[in-house]
Amino acid sequence: KRGHIGPAGGHLHCDAGSYFMVDSPKFCCRNPRMYINGQKFEAKRKVCGDVLAQFDPDAQELRFTKGPTTTASQDQIEAVRRSGYDHLMPSPLAYEAMEEGKDWKNVLHAVCQGLMGTLVQWTHSDPPDKAEMCSPGTPPVKGQGYSSWTC
């Protein structure tokens, strides 16, 4: 907007239709820890993912609820990737997770998504607000190959 003081001091302007928006959220687990054979291991820093999911422990179902979004066309996204600024764009894997849908699915048929992983929040738990961070391609919550950070 003209006259608005922003990062460029109001000196840069975009022509109508020449820009798009990108939201690339990160979902982080503070105090991440993992238990292996009863032994506790703590991460040296917070662990973050690029997809958010909910887990319903009663129904044993999972759904993806938030990840990257954009107003860009596929051609605009590809142009950014070719321009050398692709490292500033969200991962195509995280976009795919969101395209997969936000419908509940049986946790036995779900895998963690994204490039960095999925933060899984329990819809209800004791203690409350239980969450875990799981690596892409691994099963959330439990199962063969389960390997998540507890938050």
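Please refer to the structure higher up on the page.
Residues numbered from 1 in each chain as written. Predicted model: local features only at pLDDT ≥ 70, side-chain atom pairs only at ≥ 80, totals over all residues. Heavy atoms only, no water.

### Examining helix H2 (residues 92–99)
Stage number 1. Those residues of H2 that fall on the buried side of the exposure criterion are Ala94, Tyr95, Ala97 and Met98. For H2, the arc enclosing every buried residue in end-on projection is 155°, short of the 170-degree limit, so these residues lie on one face.
Stage number 2. Where the residues of H2 are buried, they touch strand E1 (22–23), strand E6 (51–56), strand E7 (61–66), strand E8 (69–70) and helix H1 (74–82).
Stage number 3. By the N-cap criterion, in which a side-chain oxygen at the helix start approaches the backbone nitrogen of a residue two or three places on, H2 is capped by Ser91, the distance to Leu93 being 2.9 Å. (Buried < 20%, exposed > 50% of the residue type's maximum accessible area, 1.4 Å probe, protein only. Helix = DSSP H or I, 4+ residues; strand = E, 2+ residues; numbered from the N terminus. Arc of directions from axis to C-beta. Contact = heavy atoms within 4.5 Å. Polar contact = N/O pair within 3.5 Å; in protein donor to acceptor, adjacent residues only side chain to side chain.)

### Some thoughts on the packing of aromatic side chains
Stage number 1. Applying the stated criterion to the full structure yields one aromatic pair.
Stage number 2. On the basis of an interplanar angle of 75° and a centroid distance of 5.2 Å, the ring pair of Phe55 and Trp122 is categorised as edge-to-face. With Phe55 in strand E6 and Trp122 in strand E10 (residues 118–122), this residue pair connects regions lying 67 residues apart in the sequence.
Stage number 3. With relative accessibility at 2%, the residue Phe55 sits in the buried group.
Stage number 4. Trp122 gets classed as buried once you look at its relative accessible area, which sits at 13%. (Phe/Tyr/Trp six-rings, centres within 6.5 Å; stacked < 30°, edge-to-face > 60°.)

### A look at unusual backbone geometry
Stage number 1. The omega angle of the peptide bond from Asp126 to Pro127 is 5°, so this bond is cis rather than trans.
Stage number 2. Within the element layout of this structure, Pro127 appears in the loop between E10 and strand E11 (131–134).
Stage number 3. At Asp129, a position not held by glycine, the phi torsion is positive, near 65°.
Stage number 4. On the secondary structure map, Asp129 appears in the loop between E10 and E11.
Stage number 5. What makes Asp129 exposed here is its relative accessible area of 74%.

### Topic: the state of the cysteines
Think of a disulfide as a covalent bridge from one cysteine sulfur atom to another cysteine sulfur atom.
Stage number 1. Tallied over the entire structure, the rule returns three disulfides.
Stage number 2. Between the sulfur of Cys28 and that of Cys48 lies a disulfide, 1.9 Å long from S to S. Between Cys28 and Cys48, the disulfide has an S-S torsion of 105° and is therefore right-handed. Of this pair, Cys28 sits in strand E2 (residues 27–29) while Cys48 sits in strand E5 (residues 47–49), and the two are 20 residues apart along the sequence. (Disulfide = S-S within 2.5 Å.)

### Describing the nonpolar core
Stage number 1. In terms of nonpolar packing, the biggest core is built from 15 residues, with Val51, Phe55, Leu62, Phe64 and Val120 touching the most fellow members.
Stage number 2. Among the secondary structure elements, those contributing two or more residues to this core are E6, E7, H2 and E10.
Stage number 3. Phe27, Cys29, Leu52 and Met133 belong to the second largest nonpolar core, which has seven residues in total. (Core = buried A, V, L, I, M, F, W, Y, C linked by side-chain atoms within 4.5 Å.)

### Topic: the pattern of salt bridges
Stage number 1. With the rule as written, the count across this model stands at two salt bridges.
Stage number 2. Salt-bridge contacts for Asp23 lead to Lys66; the nearest nitrogen and oxygen are separated by 3.5 Å. One end of the pair, Asp23, is in strand E1; the other, Lys66, is in strand E7, and 43 residues separate them in sequence.
Stage number 3. Where Lys40 meets Glu42, a salt bridge forms, and the shortest distance between an N and an O atom there is 3.4 Å.
Stage number 4. Its relative accessible area of 42% is what places Lys40 among the partly exposed residues. (Salt bridge = Lys/Arg side-chain N within 4 Å of Asp/Glu carboxyl O.)

On their own, these measurements won't tell you what the molecule is for.
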